[in-house]
Amino acid sequence: GTDLAFTWIEQDDTTLSFNAQTGTTYTLVAADLGKLVTTSNAASIVVTIPSGVFAAGNIINIQSIGAGLTTVSGAGVTITSTGATAAAPILRARYSAASIICTASDVFTVIGDLS
């Protein structure tokens, strides 16, 4: 028979990590998975979902904490949402939040407080 060696890594799923962004543009990265990406700027902010980075089932949370409204955009990906501009949803107001869910390769749905 074959012996299989397992290494158990305990993960604390009750503590959320943050990625605070203060510029006017930010492109999501794989390290943002399971985090809350906050955007804070006086001007409007664009958060871009890149192609080829995320897999089905991945979730990234975002929240606009500054005065500038945050738009979710895509680079080579398809975005669906209930926002007025479904392919580029905008977080409705300061402190609005949303989840970006990868539903298939390079396909994302954005759910949350959108306008």
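Residues numbered from 1 in each chain as written. Predicted model: local features only at pLDDT ≥ 70, side-chain atom pairs only at ≥ 80, totals over all residues. Heavy atoms only, no water.

A. Layout of the sheet that holds strand E2 (residues 25-27). Taken together, three strands build an open sheet; the order of strands is E2-E4-E6 and the sheet is parallel. Unpaired on one side and paired on the other, E2 and strand E6 (70-75) mark the two borders of the sheet. In this sheet, neighbouring strand axes are inclined to one another by 20 degrees on average, regardless of whether the strands run parallel or antiparallel. Note that E2 and strand E4 (residues 45-50) share three bridges and pair parallel. The residue of E4 that forms the bridge with Tyr 26 is Val 47. (Pairing = 2+ DSSP bridges. Helix = DSSP H or I, 4+ residues; strand = E, 2+ residues; numbered from the N terminus. Axes fitted to C-alpha atoms, helices over the stretch in contact; angles between N-to-C directions.)

B. Structural context of unusual backbone geometry. In this structure, Tyr 95 takes a positive phi of about 75 degrees despite not being glycine. The residue Tyr 95 is located in the loop between strand E7 (78-81) and strand E8 (97-104) in this model. In this structure Tyr 95 comes out as exposed when scored by relative accessible area, which is 53%. Non-glycine residue Asp 106 carries a positive phi angle of around 60 degrees. Examined against the element boundaries, Asp 106 turns out to sit in the loop between E8 and strand E9 (107-112). Of the residues examined, Asp 106 reaches a relative accessible area of 18% and is grouped as buried. (Buried < 20%, exposed > 50% of the residue type's maximum accessible area, 1.4 Å probe, protein only.)

C. Broad picture of the pattern of salt bridges. Under the defined criterion, the tally for this structure stands at one salt bridge. Asp 113 is paired through a salt bridge with Arg 92; the nearest N and O atoms lie 2.7 Å apart. Pair noted here: Asp 113 is in the segment after E9 and Arg 92 is in the loop between E7 and E8, with a separation of 21 residues, a long-range link. Look at Asp 113 and you get partly exposed, because its relative accessible area is 27%. (Salt bridge = Lys/Arg side-chain N within 4 Å of Asp/Glu carboxyl O.)

D. Region of interest: the sheet that holds strand E3 (residues 36-39). Read across the open sheet, the six strands follow the order E1-E3-E5-E8-E9-E7; overall the sheet is mixed. What marks the edges here is a single partner per strand, and that holds for strand E1 (18-21) and E7. Adjacent strand axes in the sheet meet at a mean angle of 25 degrees when their direction is disregarded.

E. How the structure looks around the nonpolar core. One finds Leu 28, Ile 49 and Ile 100 to be the most contacted residues of the largest nonpolar core, which totals 18 residues. When residues in this core are grouped by element, the largest group, three residues, is from E8. With residues near it in sequence (within four places) discarded, Leu 28 still touches Val 37, Val 47, Thr 48, Ile 49, Pro 50, Phe 54, Ile 60 and Ile 100. (Core = buried A, V, L, I, M, F, W, Y, C linked by side-chain atoms within 4.5 Å. Contact = heavy atoms within 4.5 Å.)

F. Here's a closer look at the side chain of Ser 99. Position of Ser 99 relative to the elements: it lies in strand E8. Side chain to side chain, Ser 99 and Asn 61 meet in a polar contact 2.7 Å long. For Ser 99, the contacting residues outside a window of four places in its chain are Ile 59, Ile 60, Asn 61, Thr 109, Val 110 and Ile 111. (Polar contact = N/O pair within 3.5 Å; in protein donor to acceptor, adjacent residues only side chain to side chain.)

G. The pairing of strand E5 (residues 59-64), seen in detail. The sheet contact formed by E3 and E5 spans four bridges and is parallel. Residue pairing across strands places Leu 36 opposite Asn 61, the latter belonging to E5. Bridge count between E5 and E8: five bridges; the pairing is antiparallel. Directly across from Asn 61, in E8, lies its bridge partner Ser 99.

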